[in-house]
Amino acid sequence: MDEPQPPQLDYSRIPDSIREIYETIENELTWLHGRWIMYRQLFGGDSDTLALLNQSAPTFFGMLQFLWLDYVVLEICSLTDRPSTFGRENLVLKQLYEKLDRRKHPDLGRELIERDRDVEKTCGRLRTIRNRRIAHRDQNAALGAYQTPVLGVSRKDIEDALEAMRAYVNTFRLAFMDSEMAFDQFELKDDAMTLVEKLQFALENMPEKRESS
């Protein structure tokens, strides 16, 4: 018996001039949350999981942790950058405001301005990290990148930024679709916990383990 399919989302109430932009931003933000959820599953502080990773491949997972965190910072910054640079438009959250007909939707325009203040407040520090350490090699930063507190990233930094981004996008979504997207509840058929379970199984069934049991 076929599994029931989720209902198709109806974006037809969003103005034509901005509909594709919104759908793409919503999709990008959804997958950004998915990647962050998987990061937390691996490196979020569960002592058993961290011990398993260190027992399996500590150098690999140590590298992966730094790369993954930097990648999330890059994605956050790319979605919250300026609407245009060097004369080219960027696919960013602010396009929802820029492309909005604010004569027809003045209240929504004002709400997006308020939400954008929160986005700038939470993402500004991440943008500094992106510009000085990740995307470019600021010399002072490069000489002590991970030892400089201002250029380090905490999980709270990421959580605060994602919360502000969710609020911005859902403010727009609610105005046209009468519903919000639960970005932070994104579920994957297989995720980082799938890897953890397979690593655990592999370690428990290694030849030396079986011989000693």
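Check the entry above for the structure.
Anyway, here's the lowdown on the structure attached to this text. (Residues numbered from 1 in each chain as written. Predicted model: local features only at pLDDT ≥ 70, side-chain atom pairs only at ≥ 80, totals over all residues. Heavy atoms only, no water.)

**Considering the pattern of salt bridges**
Then, in step 1: On inspection of all chains with the given rule, the structure shows 17 salt bridges.
Then, in step 2: Ionic pairing is found between Arg110 and Asp107, a salt bridge with its closest N-O pair at 2.3 Å. On the criterion of helical spacing, the pair formed by Arg110 and Asp107 is a turn pair, its members being three residues apart in helix α5 (residues 106-134).
Then, in step 3: Residue Asp107 is classed as partly exposed on the basis of its relative accessible area of 48%.
Then, in step 4: Salt bridges sharing common partners tie together Asp81, Lys94, Asp116, Glu120, Arg127 and Arg130. (Salt bridge = Lys/Arg side-chain N within 4 Å of Asp/Glu carboxyl O. Helix = DSSP H or I, 4+ residues; strand = E, 2+ residues; numbered from the N terminus. Buried < 20%, exposed > 50% of the residue type's maximum accessible area, 1.4 Å probe, protein only.)

**A closer look at the packing of helix α2 (residues 47-56) against helix α8 (residues 192-204)**
In helix packing, the relevant descriptors are the interaxial angle and the interaxial distance, both defined with respect to the helix axes.
Then, in step 1: Two elements in contact, α2 and α8, have axes whose closest approach is 10 Å; the angle formed by their N-to-C orientations is 60°. Between α2 and α8, the angle is such that the two are oblique. As α2 packs across α8, the resulting crossing turns out to be left-handed. Contacts from Thr49, Leu52, Leu53, Gln55 and Ser56 of α2 reach α8 at Val196, Leu199, Gln200 and Leu203. (Axes fitted to C-alpha atoms, helices over the stretch in contact; angles between N-to-C directions. Parallel < 35°, antiparallel > 145°, perpendicular 65-115°, else oblique. Left-handed = near helix turned anticlockwise from the far one by under 90°. Contact = heavy atoms within 4.5 Å.)

**Things to note about the packing of aromatic side chains**
The description of an aromatic ring pair rests on the distance of the ring centres and on the angle between the ring planes.
Then, in step 1: This structure, assessed with the given rule, holds nine aromatic pairs.
Then, in step 2: Each ring, one from Trp36 and one from Tyr39, has its centre 5.0 Å from the other, and the planes form 10°; the classification is stacked. Taken together, the positions of Trp36 and Tyr39, both in helix α1 (residues 16-43) and three residues apart, correspond to about one turn of that helix. Each member of the pair, Trp36 as well as Tyr39, carries the same accessibility label: buried.
Then, in step 3: An angle of 85° between the planes, with centres 6.5 Å apart, marks the rings of Phe43 and Trp68 as edge-to-face. (Phe/Tyr/Trp six-rings, centres within 6.5 Å; stacked < 30°, edge-to-face > 60°.)

**Points about the side chain of Gln95**
Then, in step 1: When you line up the elements, Gln95 lands in helix α4 (residues 95-98).
Then, in step 2: Every residue in contact with Gln95, bar those within four places of it in the chain, is listed here: Ile18, Ile21, Pro83, Glu89, Asn90 and Leu100.

**A closer look at α8**
Then, in step 1: The end-to-end C-alpha distance of α8, which contains 13 residues, comes to 19 Å, matching closely the 18 Å that a straight helix rising 1.5 Å per residue would cover.
Then, in step 2: Considered for burial, the residues of α8 that qualify are Ala192, Val196, Leu199 and Leu203. When α8 is viewed along its axis, its buried side chains cluster within an angular range of 65° and face the same direction. Exposed and facing more than 90 degrees away from the buried side of α8 are Glu197, Lys198 and Phe201.
Then, in step 3: Near the N-terminus of α8, the side chain that reaches the backbone nitrogen of Met193, with its oxygen 3.0 Å away, is that of Asp191. (Expected span 1.5 Å × (residues − 1). Arc of directions from axis to C-beta. Polar contact = N/O pair within 3.5 Å; in protein donor to acceptor, adjacent residues only side chain to side chain.)

Spatial relationships are all this shows, so hold off on functional conclusions.
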